[in-house]
Amino acid sequence: MKGATTNICYNLLDRNVNEKKLGDKIAFYWEGNEPGDSAKITYSELLHKVCQFANVLRSQGVKKGDRISIYMPMILELVVAMLACARIGALHSIVFAGFSADSLCERILDCGCSLLITADAFYRGDKLIILKQIADEALQKCKDKGCPLKKCIVVKHLAREEVAVDGTCSKSPPLKRLCQDVQIPWNPAMDVWWHELMSSASSECEPEWCDSEDELFILYTSGSTGKPKGVLHTVGGYMLFAATSFKYVFDYQPEDVYWCTADIGWITGHSYLTYGPLANGATSVLFEGVPTYPDIGRMWSIVDKYKVTKFYTAPTAIRLLMKQGEEPVRKHSRKSLKVLGSVGEPINPEAWLWYYRVVGEERCPIVDTFWQTETGGHMLTPLPAATPMKPGSATFPFFGVVPAILNESGEELEGEAEGYLVFKQPWPGIMRTLYGNHQQFETTYFKKFPGYYVTGDGCRRDKDGYYWITGRIDDMLNVSGHLLSTAEVESALLEHAAISEAAVVSHPHPLKGECLYCFVTLRDGHEFTKKLTDELKKQVREKIGPIATPDYIQCAPGLPKTRSGKITRRILRKIAKNDQDLGDISTLANPGIIKHLFNSRCDTKQ
Ligand code: WTA
């Protein structure tokens, strides 16, 4: 209806509490990194906190349309912060807490955030991450570049009172790991503690009534040019799509306990840990840690602890667990499980079968969900128990989604075919623009094949009409379900004084799916040493984040190029794999370099 208004936070919380009478229902079980460290929050409590924090934001001068950067571990305050933004019509831009200071700074600057919300520190497995320190580095860089961001709200998480006092933690068992004395850098001109602001905030907060096309959030995803793209979603369509796809794809039932292992810093955590489940009044698990800590059975012990019925994870986690054999899985009951989901990258049939047979004991359907940050929700997916499955296929389109496969000249292919995966008509959750760059939005997604949305993925349709994603066909790669662009890694390498040229290609990896294989050309006077490769890896970690750490770095006195000077990555991919079947190399300007590169390949992980 034209002129109608809505608010997504109202629909997720107020409506569930007041109309559906779900106030006492658990919204989240929070499971900390350390077993024994846990908490829970009901729908009414969540509403209360969200209203308080929304008032905090308003008291800091935040208004509808402002951009707020959130850089936080997987804690309940992260959900509170994002919903508080949504309640007052501010756009959250969540940056995954594994990203570096440079990446955070770049994202703050790109959308002109006026405020940053972060936390003191957290543990991921054994590793202590002093997040505030990284945030401060990012803020310093922003300041150097003239950014007006003035306030930083900090959650006291690691040092929080109930667990941080000298062994007299109020929770049992005492969480020694959390009681360490960690120094958190503090800048009184800018920093404020979350709990201090919250202590005096009212829990009455009228939502900002929005148009369905008002902006909801920005989430950055890798762009093939190397600069991250600020994908923008809007209130109405995103809400509808996240809610509906969650309901049908997981066959949501009110008594479910649902667990999505994705970090909220990625789109899966936005749509299927926060917006989709809360819109349905679901109970979810929010897990701070990693699958391997304190041992490889952690996932299944959490499944048993909360009697998880619907479980959603990534192929990379499945492959990691599969490597450790069946015993750590079988040790746990898992009898509560009903549906298993997979997301983020193609799942190889071997991992699919292990997930189905070992984890689900052949009684749980698997939903292999193909979608993207840009699509807002599931595009190709089975519906559990309704769609006959094929291991490794995302099967068929979700309601309202019309896929097609095109050849290089943009012709639609019928029947059995392989080519570019595109979508023929819009769906409610489609991104509306790239923040501040509508032209790039048009050229990236709609220019190559006018009239279609181009995913950037290759796809095959079999004789039964099933869709099989074959992976990215642009200069992007997918490491453990995280999309990276070769260009961003190359530019990080090129910032090192010893490097004159760099080319990065995707290389198969047994656990991560794909990994980074880098070719680097040295400037005169530099030597290719272990020290240099270590420095280069460090450089990439610092510029982008640990997920982008290269597995292989090979010294290349030259790179194969076309006569017009374009690096031929197709050939570099073959060299990395030691595949001598190069096809046509007649267009190369310097074919002589190829033999040399084959002879100096790196065979083992460095
Ligand atoms: C890949 C993650 C095969 C694909 C939700 C896509 C998949 C990119 C699948 C988007 C799947 C995601 N099977 N490939 N089930 N799910 N992908 O934006 O290449 O982080 O284009 O969104 O991940 O990654 P993004």
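A brief structural summary. Worth saying up front: this structure is predicted, and the values here are computed from it rather than measured. (Residues numbered from 1 in each chain as written. Predicted model: local features only at pLDDT ≥ 70, side-chain atom pairs only at ≥ 80, totals over all residues. Heavy atoms only, no water.)

Moving on, we get to the pairing of strand β5 (residues 115-119). In terms of burial, β5 is a largely internal element, 5 of the 5 residues being buried. Neither face of β5 is exposed, since Leu-115, Ile-117 and Ala-119 on one face and Leu-116 and Thr-118 on the opposite face are all buried. Here strand β3 (residues 67-71) pairs with β5 via 4 bridges, running parallel. Bridging from a neighbouring strand, Tyr-71 pairs with Thr-118 of β5. As defined by bridge partners, β5 adjoins strand β8 (residues 151-155) across 5 bridges and the pair is classed as parallel. Bridge pairing in β8 links Leu-116 to Cys-152. (Buried < 20%, exposed > 50% of the residue type's maximum accessible area, 1.4 Å probe, protein only. Helix = DSSP H or I, 4+ residues; strand = E, 2+ residues; numbered from the N terminus. Pairing = 2+ DSSP bridges.)

Moving on, we get to helix α5 (residues 131-144). Helix length check: α5, at 14 residues, gives a terminal C-alpha distance of 20 Å against a target of 20 Å (1.5 Å per residue), a fit within 8%. Restricting attention to buried positions, one finds in α5 the residues Leu-131, Lys-132, Ala-135, Ala-138, Leu-139 and Cys-142. For α5, the arc enclosing every buried residue in end-on projection is 120°, short of the 170-degree limit, so these residues lie on one face. Directly after α5, the chain includes Gly-146, whose backbone phi takes a positive value near 80°. (Expected span 1.5 Å × (residues − 1). Arc of directions from axis to C-beta.)

What follows is about the nonpolar core. Core analysis: the largest hydrophobic core is formed by 98 residues, its most contacted members being Phe-28, Leu-46, Phe-53, Ile-70, Leu-83, Ile-117 and Tyr-275. Per-element tally for this core: the top contributor is helix α3 (residues 76-87), with 10 residues. Residues within four places of Ile-70 in sequence aside, it is in contact with Leu-78, Ala-81, Met-82, Cys-85, His-92, Ser-93, Ile-94, Val-95, Leu-116 and Ile-117. Judged by nonpolar contacts, the second largest core, of 51 residues, contains Tyr-71, Ala-97, Leu-477 and Leu-484. (Core = buried A, V, L, I, M, F, W, Y, C linked by side-chain atoms within 4.5 Å. Contact = heavy atoms within 4.5 Å.)

Close contact between α3 and helix α9 (residues 267-279) brings their axes to 12 Å; oriented N to C, the two are set at 60°. Viewed along their axes, α3 and α9 form a crossing whose handedness is right-handed. Taken together, the residues of α9 that come into contact with α3 (itself represented by Val-79, Met-82, Leu-83 and Ala-86) are His-270, Thr-274, Tyr-275 and Leu-278. Of the residues contributing to the contact of α3 with α9, the split by class is 6 nonpolar, 2 polar and no charged. (Axes fitted to C-alpha atoms, helices over the stretch in contact; angles between N-to-C directions. Left-handed = near helix turned anticlockwise from the far one by under 90°. Nonpolar A, V, L, I, M, F, W, Y, C, P; charged D, E, K, R; others polar.)

So, on to the state of the cysteines. This model, assessed by the stated rule, comprises 0 disulfides. As a non-bridged cysteine, Cys-555 has Cys-602 as the owner of its nearest cysteine sulfur, 9.6 Å distant. (Disulfide = S-S within 2.5 Å.)

Right, let's talk about the packing of helix α8 (residues 235-249) against α9 for a bit. One can describe the packing of α8 onto α9 by two numbers: an axis separation of 8 Å at closest approach and a directional angle of 85°. Our classification of the angle between α8 and α9 gives roughly perpendicular. Touching Tyr-238, Ala-242, Ala-243, Ser-245 and Phe-246 of α8 are His-270, Ser-271, Tyr-272, Tyr-275, Gly-276, Pro-277 and Ala-279, all from α9. (Parallel < 35°, antiparallel > 145°, perpendicular 65-115°, else oblique.)

Attention now moves to the pattern of salt bridges. Across all of its chains, the model carries 35 salt bridges by this definition. Its salt-bridge partner being Asp-534, residue Lys-530 comes within 2.9 Å of it at the nearest N-O pair. One end of the pair is Lys-530 and the other is Asp-534, both in helix α16 (residues 530-543) and 4 residues apart, which spans about a single turn. Overall, Lys-530 belongs to the exposed group, its relative accessible area being 58%. According to the relative accessible area criterion, Asp-534 is partly exposed, its value standing at 36%. (Salt bridge = Lys/Arg side-chain N within 4 Å of Asp/Glu carboxyl O.)

Around the ligand, the surrounding shell holds 17 residues, and the nearest of these are Asp-368, Thr-369, Thr-373, Asp-457 and Arg-472. In the model, a nitrogen atom of the ligand is placed 3.5 Å from a nitrogen or oxygen of the Phe-370 main chain. Arg-472 has a polar side-chain atom sitting 2.7 Å from an oxygen atom of the ligand. Looking at the shell around the ligand, the elements that each hand over two or more residues are α9, β16 (366-369) and β22 (467-472). Of the residues assigned to the shell around the ligand, the class counts are 7 nonpolar, 6 polar and 4 charged. (Near = heavy atom within 4 Å. Polar contact = N/O pair within 3.5 Å; in protein donor to acceptor, adjacent residues only side chain to side chain.)

With that out of the way, let us pick up the side chain of Ser-284. Looking at the element boundaries, Ser-284 is found in strand β13 (residues 283-287). Among the residues examined, Ser-284 registers a relative accessible area of 1% and is labelled buried. Contacts of Ser-284, omitting those with residues within four sequence positions, involve Ala-27, Phe-28, Tyr-29, Tyr-258, Leu-273 and Pro-277.

Residues of helix α13 (residues 349-359) that are buried include every one of Ala-351, Trp-352, Trp-354, Tyr-355, Tyr-356, Val-358 and Val-359, and no others. Buried residues along α13 sit in contact with α10 (298-306), β14 (310-313), α11 (315-322), α12 (327-330), β15 (339-343) and β16. Of the residues trailing α13, Glu-361 is marked for its positive phi of about 45°.

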